[in-house]
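Spelled out from the first residue to the last, the chains are:
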Amino acid sequence: MQRCPIKQRESIRALAQCNGVTESSLWRSTDYGGKYQKLNDKIGAKTILSYLYVSPNNKRKIMLLTDPEVESSLLISSDEGAMFQKYRLNFYILSLLFHPEQEDWILAYSHDQKLYSSVEFGRRWQLVHEKVAPNRFYWSKLGLDKEPGLIHLETSALYITCKLQNCTDANKAKPFPGYIDPNSLVVQDEYVFVQVSGKPIYYVSAKRDVFTPLKLPKYTLPKDLHVISTDENRVVAAVQEWNQNETYNLYVSDTLGVYYTLALENVVSSIGPEGNVMVDLYEVAGIKGMFLANRKLENQVKTYITYNRGRDWRLLLAPSQDLKGNSIHCVLPYCSLHLHLHVSANPYTSGNIASRESAPGIIVLPFLSLQIFNEEYAVLYLDQGGALVAIRHTPLPIRHLWLSFDEGHFWNKYSFTNTPLFVDGVLGEPGEETLIMTIFGHVSHRSEWQLVKIDFRSIFNRRCTEADYQTWHLHNQGEPCLMGVKRIYQKLKPTSRCVMGKTHLVSMMSSSCECTEADFECDYGFERQSNGKCAPAFWFHASSVSRRCTAGMMFLNTTGYRKVVSNNCSAGVSMEYTAKRQQCQVQAPKGLHLVTSEGTLTATLGSNVTFLVFLEEGDSARTSITLDFGDGRALTYSNVSAIEDGIKHIYRDVGIYRVAAIGENFFGSETATLYLFLLCVMYMSPLVALRNKEVNLTAVLWPNQVGTVTYIWWIANNTEPVITLEGSLPCTFSREGISTVTVQVSAGNTILQDRKNIVVHEYFRSHLLAFSSNLDEQNPDVAEWRLDVSRVIKNALIQSTGVREEQLLVTVLPGLPTTAEFFLLPSKWLQKSPAHLDQLSEMLLSALNQNLVQFTLRPGIQVTVYAAHHSAAPLVDTSENQSGSAMLMLLSVVVVGLAVFIIYKFKRTMGCPRARYQTPKMLRGPVKDKLLTLYFNDCMCPCSL
């Protein structure tokens, strides 16, 4: 007979016998398992039970759910199960969510995605909302939300809040203005997280303030993201990056949950029994800032520990002796202790690792009690950690257990039954204060369940006094200052045999330490170098951090460091490492973005289209925004803050509308353009062409089996586009300078767009570049990374040769191995001939051939730049594996030399083996963008592609 205990809570012990589940038995004990009373006559002799719940605010209130396949009803007790009342339901309950303060308030989620509420502990129910995403509904939090009866929920790809008893359209609020990715809403403590629909862009709101884009290091490029912890005003997130499959990187945030820095790379993960991702990270209870993590390096898994919330990690020291007293030769870092960190999903076993708030410093590791047991044991806490009980995990019957009074150093063996028992689990009073436990199991595989009550009170003959305690100093390898304080705990002496009791509180004394460099972690955009110092990452621009700065106000200018959250050190080096308050300066607007909140490519006639405008840098309070809708109408707003909820507009006629947002203040202006279908956010990279030489603008859609394709070309400042059915258009640029070309490609229901700046000159020189192979390992193959690395390469070439900055352009090409090209342009200040460029070219090639051009990509990664042969990688990978994706490129082949310039723009689809953007599971959604190839081919140059 199969044994299936249902969920148990408090003093109820509900045991369901299931062989096809034809009957249930409910038993109640009021003396810690000494005697049990069968309650089937109170609930109905033929009632099949599925779940048991206890109100978290009133333990006398109990709720039982029946099996919905037989009947859908609730059994409610207000006297700890002495009496029950049955209430019929007209829906099937999949899950319940109790209010954290109000004992009678409950949310119920049904099988048909409807959310119900009750304010009478389940006696009456009211429909709240339909089409609610599973597990994406949350109660309001006292002190953060305006009303205690507010509900946060996700419905139809929208994040809304509404009142418990009045969730009508008139009473709904939409805290996030646009559509979000399905199943992406997370409300946890003071933070709210969402993902923009169809994009790997996450937003966070702290303390119910406005949403802000979550800032991971620039080239993190997450495939998957999970919020691990949000306590102590800090977010710990596990991120699976574009080049990871079985591991995650841990990131920690600032107090607002916006800016994230890397804490630990390559943490092991696994898939749980319900398909959920389990990351091997464990937060130790009782000691603030202490975590354990399993990290995979060079195909080996090792356990690391941190005492300062991830600022520093170190390996664990192994025991010095084995079970038999033999010495263990295990020297760090070559050998260390490895722990299994998975937490058990079985409520009746202790799991693989356990710690308690009431027992600081004790971590129970059943799998690796190296000096105690050579088999697997379940270890439980008694009397707030004053005693430990170990029961062997085995398929064989047992009759002994082990008891320790000195935190597991020594163990005594006790017999709990005369007849060996197959142990199925252990029941105890919630918490770890009790000295009574019940072991349940069976004598044989055909017998009924047997329950054995074990009362340890007879072992302890008195209450603990002050003389029974000793001081214990928390330290990290002799360093007493952890998280900025020295902590001294009061713990039981190993020789004491006394009861601490339920009223005992953990005693701790603490004193503040002077701040040292160890109390500060690297701030956002900075990376820790080999010498321990924090230096800016190659992609980081410090000015972008102060983009919300308003003239006349102050902002915090980073020193490259920030104090670890919850660190309580004082004085010392605090002034040196803490961000400095500086006066905000009015900046010209920079990084203006214009998008539609719906994320759609087309608009419906007569319906509202909501445009969102974002400004990356500049004084948002003093920057006016003019939005030209492209249909002869426009609106102007005095500042960016006035349009945070978006700008709505209705179009009455069919057409392609050029929507433009103009941000302007006293110091300058910035323009963002959208052709209503889709905003192509692309960093501008230079492309060079010869004046009065006809070039063939060619757009290639790949794969090409997509039916009819229409190409829309916008050349320079022309107000009318050129429309073709062929992906080719001849064009001549007659003026030197910069010209802009935008192409839109309509294929089926998808419209793709990209834009390119073309630098036009009478003559120029160019050459291809190659790199040391370590650069390929860091190349995510996305446009922004190539742009940033191009800038780094350019700076390295200038430093090595002294070439003038305005004469040198560098661009990194897509694909692997990583290649690039530099362009030498005529100086606008010096009247020189083409021969001058030849001399500069020879100087650059000489430096490259002598390996004089190098740059540091990140700490420990030094890249050497070489001169390459005049050949380029294939434009398109024609392998069969690539049939599920397409790419957007710009290519130029010029007269002097072979100059190839390629740019990817849109996200690659998941079918592409080179794809690095995948849909995060915490914030999930389809990747809809196809990819487009656009290249420029100089027909005057004999070449083959």
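Refer to the structure presented above.
Scope of this entry: the structure provided in the associated data block. These figures come from a predicted structure and were not determined experimentally.

### Digging into helix α3 (residues 783–801)
The terminal C-alpha atoms of α3, which comprises 19 residues, lie 27 Å apart, in line with the 27 Å expected from a rise of 1.5 Å per residue. Of the surrounding elements, those touching the buried residues of α3 are β60 (765–771), β61 (808–812), β62 (819–824), α4 (834–849) and β63 (854–858). Taken from the residues just after α3, Gly 802 is the one with a positive phi, measuring 80 degrees.

### Quick look at the side chain of Thr 864
Considering the arrangement of structural elements, one finds Thr 864 in strand β64 (residues 861–867). Note on Thr 864: relative accessible area 11%, which makes it buried. Side-chain polar atoms of Thr 864 contact the side chain of Gln 854, separated by 3.3 Å. In contact with Thr 864, other than residues within four places in its own chain, are Ala 770, Phe 771, Ser 772, Asn 851, Val 853 and Gln 854.

### Concerning the state of the cysteines
Under the criterion given, the structure shown has six disulfides. The disulfide partner of Cys 162 is Cys 167, and the gap between their sulfur atoms is 2.0 Å. Taking the torsion about the S-S bond as the criterion, the Cys 162 to Cys 167 disulfide, at about -90 degrees, is left-handed. Given a relative accessible area of 0%, Cys 162 falls into the buried group. By relative accessible area, which is 14% here, Cys 167 ends up buried. Between the sulfur atoms of Cys 515 and its disulfide mate Cys 569 the distance is 2.0 Å.

### A closer look at the side chain of Thr 623
With respect to the helices, strands and loops of the structure, Thr 623 is situated in the loop between β47 (608–617) and β48 (624–628). Polar contacts involving the side chain of Thr 623 include one to the side chain of Asn 665, which spans 3.2 Å. In contact with Thr 623, not counting residues within four places along its chain, are Pro 589, Leu 615, Ser 638, Asn 639, Val 640, Gly 663, Glu 664 and Asn 665.

### Remarks on the sheet that holds strand β11 (residues 115–118)
Across the sheet, four strands lie side by side as β9-β10-β11-β12; this open sheet has antiparallel pairing. Two strands close off the open sheet at either side, each with one partner strand: β9 (93–98) and β12 (126–129). Within the sheet, the average angular offset between the axes of one strand and its neighbour, ignoring direction, is 30 degrees. Across three bridges, the pairing between β11 and β12 is antiparallel. Residue pairing for β12: Ser 117 is matched across the bridge by Gln 126.

### Points about the pairing of strand β14 (residues 150–155)
When you tally the buried positions in β14, you get six out of six residues, the bulk of the element. Burial of the side chains of β14 extends over both faces: Leu 150, His 152 and Glu 154 are buried on one face and Ile 151, Leu 153 and Thr 155 on the other. In this structure, strand β13 (residues 132–139) lies alongside β14, joined through four bridges in antiparallel fashion. Of the residues in β14, the one forming a bridge with Val 132 is Thr 155. Direction of pairing for β14 relative to strand β15 (residues 158–163): antiparallel, over a ladder of six bridges.

### Thoughts on α4
For α4, spanning 16 residues, the distance from its first C-alpha to its last is 23 Å, which sits close to the expected 22 Å at 1.5 Å a residue. For α4, every residue scored as buried is listed here: His 836, Leu 837, Leu 840, Ser 841, Leu 844, Leu 845, Ala 847 and Leu 848. Those residues of α4 that are buried are in contact with β60, α3, β61, β62 and β64. The first or second residue beyond α4 is Asn 851, which carries a positive phi of 60 degrees.

Calculation criteria
Think of each chain on its own: its residues are numbered from 1, step by step along the sequence as written. With pLDDT at 70 or above as the cut-off, local features in this predicted model cover only qualifying residues; side-chain atom pairs require 80 or more to be listed or tallied, and sums for whole chains, interfaces and linings still use all residues. Hydrogens and waters are ignored; side-chain quantities use all the structure's heavy atoms. Helix numbers and strand numbers start at the N terminus; a helix is a DSSP run of H or I with at least 4 residues, a strand a run of E with at least 2. For a helix, the expected span equals 1.5 Å multiplied by the number of residues minus one. Pairs of residues are marked as contacts when any of their non-hydrogen atoms sit within 4.5 Å. To sort residues, take the accessible area from a 1.4 Å probe on protein chains only and compare it with the maximum for the residue type: under 20% means buried, over 50% means exposed, and anything in between is partly exposed. Nitrogen and oxygen atoms within 3.5 Å of one another constitute a polar contact, given that in protein one can donate a hydrogen and the other can accept it, and given that sequence-neighbouring residues count only through two side-chain atoms. To count as a disulfide, a pair of cysteine sulfur atoms needs to be within 2.5 Å. When DSSP finds at least two bridges between two strands, those strands are taken to pair. Convention adopted: a line fitted to C-alpha atoms gives each axis, helices being fitted over their contacting stretch, and angles between N-to-C directions are expressed from 0 to 180 degrees.

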